[in-house]
Amino acid sequence: MTSYLSIEHVHKTFGEGPTATEVLRDVDLHVERGEFLSIIGHSGCGKSTVLNIVAGLLETSTGAVILDGKEVSKPGPDRSVVFQNHSLLPWLTVRDNVALAVDKTFKGKKSAAERREWVNATLDMVGMGHALDKRPDEISGGMKQRVGIARALAMEPKVLLMDEPFGALDALTRAHLQDEVMRIQSDLGNTVLMVTHDVDEAVLLSDRIVMMTNGPAATIGEILEIDLPKPRERLAMADNAEYNHYRAEVLRFLHERHKNPESEAA
Amino acid sequence: MMSAIIDRTMTFGAGRERPAVRETSTAPVARQTAPPARSGAVPADPGVWSRRLRNAATVVLPPVIVTAFFLLIWEMLSSSQGAVLPAPSQVVTDTWELIVNPFYDHGGNDVGMAWQLLASLERVAYGYALAVVAGIGLGVLVGQSTWAMRGLDPLFQVLRTVPPLAWLPISLAAFQASNPSAIFVIFITAIWPIIINTSVGIRNISQDYVNVARVLRLNGYEYFTKIMLPAAAPYVFSGLRIGIGLAWLAIVAAEMLIGGVGIGFFIWDAWNASMLSDIVLALVYVGLVGFFLDRLVAIVGNWVTRGTQAG
């Protein structure tokens, strides 16, 4: 049985000798094509480490990541990342930030005109077509993250990696962007791996939620399948019994079975 | 040269602050002049003009008042009995010919002040240009490679404390000519802050940008041009700004020793001829040119690094 994206028995230890800390122990995860998968857990549980390993930004200590039949160990445009703090290059305009990714990914595959067209199309898709020539410091945090999402999507990745993509945004902007991501994902059918600590976000957006145990040596505690029809309406979900059941499941896991180590100490 | 090092660290901090300070002082003026432009057909009401005048006055008046006060004190001190230095009024009368005829050329060293300054600026331009190229190159190397840093940094730390003029004899011996020696002194004076600031800028490149570059799989050249240079540019430019200041400081001293046309030797020559007014005039020019060089690099820096400070 081979999945589209397989994380095969990944261990990760930082440092060496007596100061070494084991962050991940035997993380084994299989993601199907077109699936939206969230990883949730308390801060410090290593969920971002999982994402960075898939992105190739970190190396595994043992184990491997296999995407579409090939082992991946280095970063690449087939696994584009939406960073938590958007990470736009402040010296480039909105258009140029996306164009840098597009030109690099599609050089030789698309003509210059096609690439320009594609940059505009992706920015239109995230609703940023009006701000092409603005610089990142001239637009709001939510807009920056839209551009960050456009940059990642524009590379047409096999899997889109999102590292707490809405964590730095206010609640209203966050809700708005979550709706956009749901819409885009249902339009394009992307495979998405998202790290989050927001229970509602995870239940609303995901097909499956991976719940991580607390570190050190964190691993997958439980996987929850969210069997709610898509598209999901934020407002309708508030009164949906199933939705609330899933939500309670996640909360129970996080707050009963794997309490935040910090709150326990307090 | 110790003072130059202190200067380096102090200006390093100030360089990042100064644009902001300047912005707050000029921004209100710009913002308040905007409404009448937008209203178009509506004639500017007198209130706007008086406000604009008041804003201009708050910027221009303090330096004018302070300078006038300073000149007055100087005039009074120099007019007293037994004063050795000329008063400002005396300086202007003595040097009036030099002020109104900056471009005369009587051959040899007897040329107008503009030619003297241009000769100095030419030497600074050569020396500084070499320092920029070599300094940024070495700064990138030291910033990128830990091995290069460990190897070169001690050398840099020792060499940068050598006073500019101490290099002159050895460069005269090496080049056997005065002009290249002066250029070398400028080069060796200006290069250290450029190297050091560039390497600090490279070291401080945010891990976020590095990650973006890795995900996009930028190659070395693309990383250098698209990420490294723009990310380090604010640091590089504060190095360049300190460098141009040091270069202009060193040229006067170097020219005093090598002779020929140039503002440094002009000062030395005037001293030998006891023409103190000429010296005062030359000092004013040296100060003004130094100020404009500093502003020029700052303006280029602000233009190049626009947007990179915020994020």
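Above this text is the structure in question.
None of these values were measured; they are calculated from a predicted model.

(A) Molecular detail of the overall build of chain A. For chain A, the count of helices and strands is nine helices and 10 strands. Seen through its principal axes, chain A has C-alpha atoms that stretch 55 × 50 × 40 Å. In chain A, buried positions account for 52% of the 266 residues. Partitioning the intrachain contacts of chain A with sequence separation of at least 6 by distance along the chain shows that 69% fall at a separation of at least 24. Of the roughly 11900 Å² of accessible surface on chain A, 50% is carried by carbon and sulfur atoms. Of note, chain A has its 30 positive side-chain charges centred 6 Å away from the centre of its 40 negative side-chain charges.

(B) Fine view of the pattern of salt bridges. Throughout the structure, instances matching the rule amount to 18 salt bridges over all chains. Where arginine 79 of chain A meets aspartate 78 of chain A, a salt bridge forms, and the shortest distance between an N and an O atom there is 3.2 Å. Judged by relative accessible area, arginine 79 of chain A falls into the buried class, the value being 1%. Among the salt bridges present, the one from arginine 123 of chain B reaches glutamate 255 of chain B, with a minimum N-O distance of 2.5 Å. Here glutamate 255 of chain B lies in helix H9 (residues 220–258) and arginine 123 of chain B lies in helix H4 (residues 113–144), a separation of 132 residues in the sequence. We note that arginine 123 of chain B, like glutamate 255 of chain B, is buried. Salt bridges sharing common partners tie together Arg146, Glu180, Arg183 and Asp187 of chain A.

(C) Local environment of a nonpolar patch on the surface. Taken together, Phe69, Leu72, Ile73, Met76 and Leu77 of chain B make up a surface patch of nonpolar side chains, about 530 Å² in accessible area. With respect to the element layout, isoleucine 73 of chain B can be found in helix H2 (residues 46–79).

(D) Spotlight on the sheet that holds strand S4 (residues 62–67) of chain A. All names here are of chain A. With respect to topology, four strands assemble into an open sheet ordered S2-S1-S4-S5, the strand pairing being antiparallel. A single partner strand is all that each edge strand has here, and the edge strands are strand S2 (21–31) and strand S5 (70–72). Averaged over all neighbouring strand pairs, the angle between strand axes comes to 30°, with direction disregarded. The sheet contact formed by strand S1 (residues 5–14) and S2 spans seven bridges and is antiparallel. Within S2, the residue paired with leucine 5 across the bridge is valine 31.

(E) Representation of unusual backbone geometry. Of note, the amide linkage connecting lysine 230 of chain A to proline 231 of chain A takes the cis form, showing an omega dihedral of 0°. Within the secondary structure layout, proline 231 of chain A lies in the loop between strand S10 (220–225) and helix H7 (234–238). In the Ramachandran plot, glutamate 156 of chain A falls in the positive-phi region, its phi being about 45° despite a non-glycine side chain. Looking at where glutamate 156 of chain A falls in the secondary structure, it is placed in the loop between helix H4 (141–154) and strand S7 (159–163). For glutamate 156 of chain A, a relative accessible area of 47% corresponds to the partly exposed category. A positive phi angle, near 55°, is found at arginine 217 of chain B, a position not held by glycine. Looking at the secondary structure, you find arginine 217 of chain B in the loop between helix H8 (207–216) and H9. Note on arginine 217 of chain B: relative accessible area 47%, which makes it partly exposed.

(F) Structural view of the packing of aromatic side chains. Applying the stated criterion to the full structure yields eight aromatic pairs over all chains. Taking 5.6 Å as the distance between ring centres and 50° as the angle between the ring planes, the aromatic pair formed by phenylalanine 156 of chain B and tryptophan 192 of chain B counts as tilted. With phenylalanine 156 of chain B in helix H5 (residues 146–159) and tryptophan 192 of chain B in helix H7 (residues 178–203), the pair connects residues that are 36 residues apart, well separated along the chain. Each member of the pair phenylalanine 156 of chain B and tryptophan 192 of chain B is classed as buried. For the ring pair tryptophan 167 of chain B and phenylalanine 184 of chain B, a centre distance of 6.1 Å and an interplane angle of 75° mean the geometry is edge-to-face. One end of the pair, tryptophan 167 of chain B, is in helix H6 (residues 167–175); the other, phenylalanine 184 of chain B, is in helix H7, and 17 residues separate them in sequence. The buried category is assigned to tryptophan 167 of chain B, whose relative accessible area is 15%. The positively charged end of lysine 110 of chain A is found above the aromatic ring belonging to tryptophan 118 of chain A, 4.6 Å away from the centroid. Positioned above the aromatic ring of tryptophan 49 of chain B is the side chain of arginine 52 of chain B, whose terminal nitrogen or guanidinium carbon lies 4.2 Å from the ring centre.

(G) Representation of the sheet that holds S7 of chain A in the model. Residues and elements named next belong to chain A. Spatially, the six strands line up as an open sheet ordered S6-S7-S8-S3-S9-S10, and their pairing is mixed. With partners counted over all chains shown, the strands left at the sheet margins are strand S6 (81–82) and S10, one partner each. As defined by bridge partners, strand S9 (residues 208–212) adjoins S10 across five bridges and the pair is classed as antiparallel. Looking across to S10, one finds that isoleucine 209 is bridged to leucine 224.

The rules we used
- Residues numbered from 1 in each chain as written.
- Chains lettered and ligands numbered in written order.
- Predicted model: local features only at pLDDT ≥ 70, side-chain atom pairs only at ≥ 80, totals over all residues.
- Heavy atoms only, no water.
- Helix = DSSP H or I, 4+ residues; strand = E, 2+ residues; numbered from the N terminus.
- Buried < 20%, exposed > 50% of the residue type's maximum accessible area, 1.4 Å probe, protein only.
- Contact = heavy atoms within 4.5 Å.
- Areas by Shrake-Rupley, 256 points an atom, 1.4 Å probe, with all protein chains shown as cover.
- Lys, Arg positive; Asp, Glu negative; His and termini not counted.
- Charge placed at Lys NZ, Arg CZ, Asp CG, Glu CD.
- Salt bridge = Lys/Arg side-chain N within 4 Å of Asp/Glu carboxyl O.
- Patch = residues over 30% accessible without salt bridge, like charges linked within 9 Å, V, L, I, M, F, W, Y side chains within 5 Å.
- Pairing = 2+ DSSP bridges.
- Axes fitted to C-alpha atoms, helices over the stretch in contact; angles between N-to-C directions.
- Phe/Tyr/Trp six-rings, centres within 6.5 Å; stacked < 30°, edge-to-face > 60°.
- Lys NZ or Arg CZ within 6 Å of the ring centre and 35° of its normal.

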